[in-house]
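Observations on the three-dimensional arrangement
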Amino acid sequence: MIGIITYHAVHNCGAVLQAYAMQNYFKQKGIDCEIINYISDSQVEYDAIYSKRNGIRSIIKNVLLLPYDKKRRKSYDKFETFIQKLNMSPVCKNKYDLHKLNNTIDIFIAGSDQIWNVTKKDHKSDAYFLDFVEDNKTKISYAISIGGASKDDLLQKKDLIMRFDAVSCREEGTTSIISEIAQKQAVTVLDPTLLVENKCFEEIAKEIHIPFENYIFYYSLDGYDKRMKNVEELSVLSKKLGKKIVAFTPEWPKINHNINNVIDIGPAEFLAYIKNADLVCTNSFHGTALSISFRKDFYVLDEYDGKDQRKISILKLLGISDRMISGKNNVEKLNMCSIDYTQVEKRLNELRKQSNDFLQNAIK
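Note that the coordinates shown come from a computational prediction; the quantities given were computed from them, not determined experimentally.

Details of the sheet that holds strand β4 (residues 138-144)
Taken in spatial order, the 6 strands line up as β2-β1-β3-β4-β5-β6 in an open sheet, and their pairing is parallel. If you trace the sheet from one side to the other, it starts and ends with β2 (33-35) and β6 (187-188), each paired once. Note that β4 and strand β5 (residues 166-169) share 3 bridges and pair parallel. Counterpart to S141 in the pairing with β5 is V167. Contacting β1 (2-5), β2, β3 (107-110) and β4, helix α1 (residues 13-28) crosses the sheet at an angle of about 170° to β2. Along the sheet, helix α8 (residues 172-182) makes contact with β4, β5 and β6, crossing β5 at roughly 155°.

Listed below in structure tokens is the structure:
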């Protein structure tokens, strides 16, 4: 039995869908696996409809979100329904519960997502470094991300990382950092959403009715200031293409009166909005990855800060770094063109083979 520990229950489309994809990968191989149903107290607070994690700022935000209460509760319920589709272990509330899993699980996989980003305030736990796993069990990291954390940040976890039998990372820069800390060669592999064939997402999306046609889909998890900058860029693209904008911005549902905001959606609807869009614009890693999975034309409305490699790494690996653009003036000068997915598919297949080889060798 394989056990996977990741951010499977976070009310974040990318986190939930990468967990679904990882389990789907092993299901297709005929291998028994379950998601380790570990949810920390900080994660419960983070996902609360009205979180209090940021003190007075959260209180103010919660008051401003009250007009969207009904739709936000619908979205919450849709996430919970989707999460229940996962094959999960019994609920693990503490290290004792986690340690008992050694009785039934032979191979433990940590990943994917930012589970090793030790700079995050929420979701931090040594459980994601498999500290509860016995020495004689196989320990693998798959496509882990450290987000904006540095080598110095990760050194505090060196002893735990060195216990892993095989290590792989989602971003190229992270691979070199983890290789040095683990004192074994790490491998750069695909996020689970790109490891699996798109048909597993297509089957979900095709069941969903989308009430829009001829639209640009915008997805962002960023704060107010960054999104308002994106709104200027979106307005230019909307005029260039003569298409409406449909936006899903869970952190702040209302961004502009000229934009159609969708609020009461979950992971399944999110996939359908990407599938049916004429263009996807995002500054999210998984918004980018799933646009690639569905072979959509897309733009990453962001500027590379030199530290966080999450989006730039996958664009570079697939030879489409030009899909990242920032600034209203740059968008106005943009020569709109479609992505040549013939070349992207070739590189994607090579990376899929490399990722599959890593996993198959590791679990053997």
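Considering the environment of Y46
Within the secondary structure, Y46 is located in helix α2 (residues 41-47). Classification of Y46 by relative accessible area gives partly exposed; the value is 26%.

As for the nonpolar core
Within the largest apolar cluster, 72 residues are counted, with the highest numbers of intra-cluster contacts made by F26, Y142, F201 and F217. Not counting the four nearest positions on each side in its chain, F217 is found in contact with V246, F248, F270, Y273, I274, A277, L279, V280 and C281. In this structure, Y7, Y38, V167 and I177 belong to the second largest nonpolar core, which totals 35 residues.

Things to note about the pattern of salt bridges
Under the counting rule described, the total for this entry stands at 17 salt bridges. A salt bridge links D113 to R170; the nearest nitrogen and oxygen atoms lie 4.0 Å apart. In this pair, D113 sits in the loop between β3 and β4 while R170 sits in the loop between β5 and α8, placing the two residues 57 residues apart along the sequence. Because the salt bridges share partners, they merge into one network encompassing D113, R170, E171 and D191.

A few points about the packing of aromatic side chains
Per the stated rule, a full pass over the model turns up 16 aromatic pairs. Aromatic pair Y20 and F82: ring centres 5.5 Å apart, planes at 55°, arrangement tilted. Here Y20, found in helix α1, pairs with F82, found in helix α4 (residues 69-83); they are 62 residues apart in sequence, far enough to count as distant. In this structure an aromatic cluster arises from ring pairing among F212, Y215, F217, Y219, F248, F270 and Y273. One cation-aromatic arrangement involves R170 over F285; the distance from NZ or CZ to the ring centre is 3.8 Å. Positioned above the aromatic ring of Y299 is the side chain of R323, whose terminal nitrogen or guanidinium carbon lies 4.2 Å from the ring centre.

Points about the packing of α1 against helix α16 (residues 341-363)
In the contact formed by α1 and α16, the axes pass within 13 Å of each other and the chain directions differ by 70°. Judged by the angle between their axes, α1 and α16 are roughly perpendicular. α16 is crossed by α1, and the crossing has right-handed handedness. Residues M22, Y25 and F26 of α1 form the contact with α16, whose participating residues are N356, L359, Q360 and I363. Looking at side-chain class alone, the contact of α1 with α16 contains 5 nonpolar, 2 polar and no charged residues.

Focus on the sheet that holds strand β8 (residues 244-248)
With respect to topology, 6 strands assemble into an open sheet ordered β9-β8-β7-β10-β11-β12, the strand pairing being parallel. The sheet is open, and its two edges are formed by β9 (260-261) and β12 (324-325), each paired on a single side. Bridge count between strand β7 (residues 215-219) and strand β10 (residues 279-282): 4 bridges; the pairing is parallel. Bridging from a neighbouring strand, Y219 pairs with T282 of β10.

Comments concerning unusual backbone geometry
Residues G111 and S112 are joined by a peptide bond in cis, for which omega reads 5°. Even without a glycine there, the phi angle at D113 is positive, about 85°. At Q183, a position not held by glycine, the phi torsion is positive, near 60°. Among the structural elements, Q183 can be located in the loop between α8 and β6. The exposure class of Q183 is exposed, given its relative accessible area of 54%.

Considerations on the packing of α4 against helix α12 (residues 267-276)
Between two packed helices, the angle of one axis relative to the other and the distance separating the axes together describe the packing. Contact geometry of α4 with α12 gives a least axis separation of 8 Å together with a crossing angle of 100°. Our classification of the angle between α4 and α12 gives roughly perpendicular. Counting all contacts with α4, which are made through K78, F79 and F82, the residues of α12 involved are P267, A268 and E269. Of the residues that constitute the contact of α4 with α12, the class distribution is 4 nonpolar, no polar and 2 charged.

Structural notes on α16
Along its 23 residues, α16 runs 32 Å from first to last C-alpha, staying within 8% of the 33 Å computed at 1.5 Å per residue. All buried positions along α16 are accounted for by Y341, V344, L348, L351, R352, S355, N356, F358, L359, Q360, A362 and I363. For α16, the N-terminal capping position is held by D340, with its side-chain oxygen 3.1 Å away from the main-chain nitrogen of T342.

Rules used in this analysis
Residues numbered from 1 in each chain as written. Predicted model: local features only at pLDDT ≥ 70, side-chain atom pairs only at ≥ 80, totals over all residues. Heavy atoms only, no water. Pairing = 2+ DSSP bridges. Helix = DSSP H or I, 4+ residues; strand = E, 2+ residues; numbered from the N terminus. Contact = heavy atoms within 4.5 Å. Axes fitted to C-alpha atoms, helices over the stretch in contact; angles between N-to-C directions. Buried < 20%, exposed > 50% of the residue type's maximum accessible area, 1.4 Å probe, protein only. Core = buried A, V, L, I, M, F, W, Y, C linked by side-chain atoms within 4.5 Å. Salt bridge = Lys/Arg side-chain N within 4 Å of Asp/Glu carboxyl O. Phe/Tyr/Trp six-rings, centres within 6.5 Å; stacked < 30°, edge-to-face > 60°. Lys NZ or Arg CZ within 6 Å of the ring centre and 35° of its normal. Parallel < 35°, antiparallel > 145°, perpendicular 65-115°, else oblique. Left-handed = near helix turned anticlockwise from the far one by under 90°. Nonpolar A, V, L, I, M, F, W, Y, C, P; charged D, E, K, R; others polar. Expected span 1.5 Å × (residues − 1). Polar contact = N/O pair within 3.5 Å; in protein donor to acceptor, adjacent residues only side chain to side chain.

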